[in-house]
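# Per-entry structural report
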Amino acid sequence: MFQMWYGSEKKEQANVVYSCPMKCEGDKTYDKPGKCPKCGMALKEQKDDHSNHKH
């Protein structure tokens, strides 16, 4: 049972991305929290639903 919980926790974390709330770099995202390299604002967490993928 522990392995199932641990596995699902990891999978959910992989879907979190960070981006600038001012969209300084368009739709660019980062995999870690931090500051926008252009404006210095704190990156905002958002769920990555892969809606921007073009196949």
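One can find the structure itself at the top, above this paragraph.
The sections below set out a description of the structure shown in this document. (Residues numbered from 1 in each chain as written. Predicted model: local features only at pLDDT ≥ 70, side-chain atom pairs only at ≥ 80, totals over all residues. Heavy atoms only, no water.)

## Considering the overall build of the chain
Tallying secondary structure elements over the chain gives 1 helix and 2 strands in all. The N-to-C order of helical and strand elements in the chain reads α-β-β. Residues classed as buried in the chain amount to 13% of the 55 residues present. Residue pairs in contact within the chain that sit at least 24 positions apart in sequence constitute 36% of those at least 6 positions apart. Accessible area for the chain stands at about 5000 Å²; split by element, carbon and sulfur atoms hold 54% of it. (Helix = DSSP H or I, 4+ residues; strand = E, 2+ residues; numbered from the N terminus. Buried < 20%, exposed > 50% of the residue type's maximum accessible area, 1.4 Å probe, protein only. Contact = heavy atoms within 4.5 Å. Areas by Shrake-Rupley, 256 points an atom, 1.4 Å probe, with all protein chains shown as cover.)

## Observations regarding the nonpolar core
V16, Y18, C20, C36 and L43 form the largest nonpolar core, which has 5 residues in total. Apart from residues no more than four positions distant in its own chain, L43 is found in contact with Y18, S19, C20, Y30, K32, G34, K35 and C36. (Core = buried A, V, L, I, M, F, W, Y, C linked by side-chain atoms within 4.5 Å.)

## Remarks on the environment of E25
Inspection of the secondary structure assignment puts E25 in the loop between β1 (16–19) and β2 (44–47). Not counting the four nearest positions on each side in its chain, E25 is found in contact with Y30, P37 and K38. There is a polar contact of 2.3 Å between the side chain of E25 and the side chain of Y30. (Polar contact = N/O pair within 3.5 Å; in protein donor to acceptor, adjacent residues only side chain to side chain.)

## Details of unusual backbone geometry
Its identity as a non-glycine residue notwithstanding, K23 has a phi of 55°, on the positive side. Within the element layout of this structure, K23 appears in the loop between β1 and β2.

## Things to note about the side chain of S19
By secondary structure assignment, the location of S19 is in strand β1. Within the structure, S19 has its side chain in polar contact with the side chain of Q46 (distance 3.0 Å). Apart from residues no more than four positions distant in its own chain, S19 is found in contact with K28, T29, L43, K44 and Q46.

## Details of the environment of K38
Checked against the element boundaries, K38 lands in the loop between β1 and β2. Between the C-alpha atoms of K38 and E25, which are 13 residues apart in sequence, the distance is 7.8 Å. Not counting residues within four places of it along the chain, the set of residues in contact with K38 comprises C24 and E25.

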